[in-house]
Each structure stands twice: as C-alpha cells, then as structure tokens.
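Analysis of the macromolecular model
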Amino acid sequence: STIHFVGNVMIDTLYQNLSRISAPSFWTDFKLENGNYIILTLHRPANVDEEKSLINLLKGIDKMVGDKIIVFPIHPRTKAILGETNPELKNILFVEPQGYLNFMYLIKNSFAVITDSGGISEETTVLGIPCFTMRNNTERPETQTIGTNTLVGTSIENLEKVFGEFLVNG
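Each value, and the rule that gives it
- Note that residues are indexed from 1 along each chain, following the sequence as it is written.
- It should be noted that, the model being predicted, local features are given only for residues of pLDDT at least 70 and side-chain atom pairs only at 80 or more, the latter also being counted only at that level, while totals for whole chains, interfaces and linings use all residues.
- Only hydrogens and water are removed before side-chain values are computed, so all heavy atoms of the structure are retained for them.
- Relative accessibility under 20% of the residue-type maximum defines a buried residue, over 50% an exposed one, and the middle range a partly exposed one, all with a 1.4 Å probe and only protein chains included.
- Each helix corresponds to a stretch of at least 4 residues labelled H or I by DSSP, and each strand to a stretch of at least 2 residues labelled E; elements are numbered beginning at the N terminus.
- Under this definition, polar contacts are N or O atom pairs within 3.5 Å; protein pairs additionally need one hydrogen-donor-capable and one acceptor-capable atom, and for neighbouring residues in sequence, both atoms have to be side-chain atoms.
- Whether two residues are in contact is decided by their heavy atoms: any pair within 4.5 Å suffices.
- One confidence number per residue, pLDDT, is output by the predictor and ranges from 0 to 100.

Counting buried positions over the 10 residues of helix α6 (residues 118–127) gives 9, a clear majority of the element. Along α6, the residues that are buried comprise G118, G119, I120, S121, E122, E123, T124, T125 and L127. Two or three places before G119, at the opening of α6, S117 has a side-chain oxygen 3.3 Å from that residue's backbone nitrogen. Following α6 by one or two positions, G128 adopts a phi angle in the positive range, close to 75 degrees.

Here it is as structure tokens:
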C-alpha cells in the first residue's frame, strides 16, 4: 500500500484563513496593539476546577506580566467556577469566547500566549508566537522541539520562574 502525507488539518485551516483573520470588536476599546498583550486560555480541570486555586493562579499571572495586558477569553466552565467572585486583577481583561477568525488574529498579534490547550500550541508554533503551556505533558512534542512552546506544568511558581526568565531574556 502507498502512504500519502496529507499534512495537519488544523494548520492547513490556519494557512487557508490567515488572509481572513480580523480584529475582535474590543480591539480598539482595550487599546490593543501588536505585541502589547498576552493571550490567556484556561479550561482543563487541573487548572480551573477548584475556585481557590484558580483565583491564586489568575492573581499570580496578573502579577507576573509587568505592564502587559492579558486578554482572557473565558471558557464557560471556567466562568461558572469563578461565579460571582471578582478577584482584584489589574491586568486581566475577561472577554467572551472568540470565533476562530478573531481568536487567530489575537494570537497572531500577541506578545505571548499562556494556555492549557494542546491545539493552541500548534498554532502559536506556526505563527512564531512564544507559548507557555500549563500542562505536565503534550501530545505535540514537535511544538517544544521547534522551540516556541514551553511546558511549564500546572504550578504558578514554575510559570512565574519560566515566564520571568522569558521577560528578561526575550
């Protein structure tokens, strides 16, 4: 039998849609510019299922980013866990989940991405955006080999250390 190399459906989709990506409606309101913000996505149970540790994680991320804005399209499950809690966060902007074209625009123009998603680490790799993945393992080791994705585990302490070094060294 013959083997055909067919590529990666996610990345093919990204390439086919790059000319169609567009800024979300809040882009101007939040004074977003190329490279002045960080994208945050969190949805995995290990990171969001316990309210107190989720708030500690958000507070830690909020503190460690210096003067960067954090755009956080909040997953419905994560939002439900936070409920009415309103942690004091000065850099994190909570926004609704974004459609694909707006979300890819946000990623492509970001300074960096902090996520617990596997898929996003592929897209950031292709777009050359530094990605910090809050997981202990990945199904996409090539994103680490290429060097744009760093697995940081699920502790805020490790994220602070690795992200801090990134801020200093670029």
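Of note, I38 is situated in strand β1 (residues 37–41). Distance from I38 to C131, taken between C-alpha atoms, is 9.8 Å for residues 93 residues apart in sequence. In this structure I38 touches V65, K68, I69, I70, V71, F111, A112, I114 and F163, once residues within four positions along its chain are discounted.

Moving on to the confidence of the model for the chain. Detailed conclusions should not be drawn from predicted coordinates in areas where pLDDT is low. Here the chain averages 91 in pLDDT, and 99% of its residues register 70 or above. Mean pLDDT across the elements of the chain bottoms out in helix α7 (residues 142–146) (82) and peaks in helix α5 (residues 100–108) (98).

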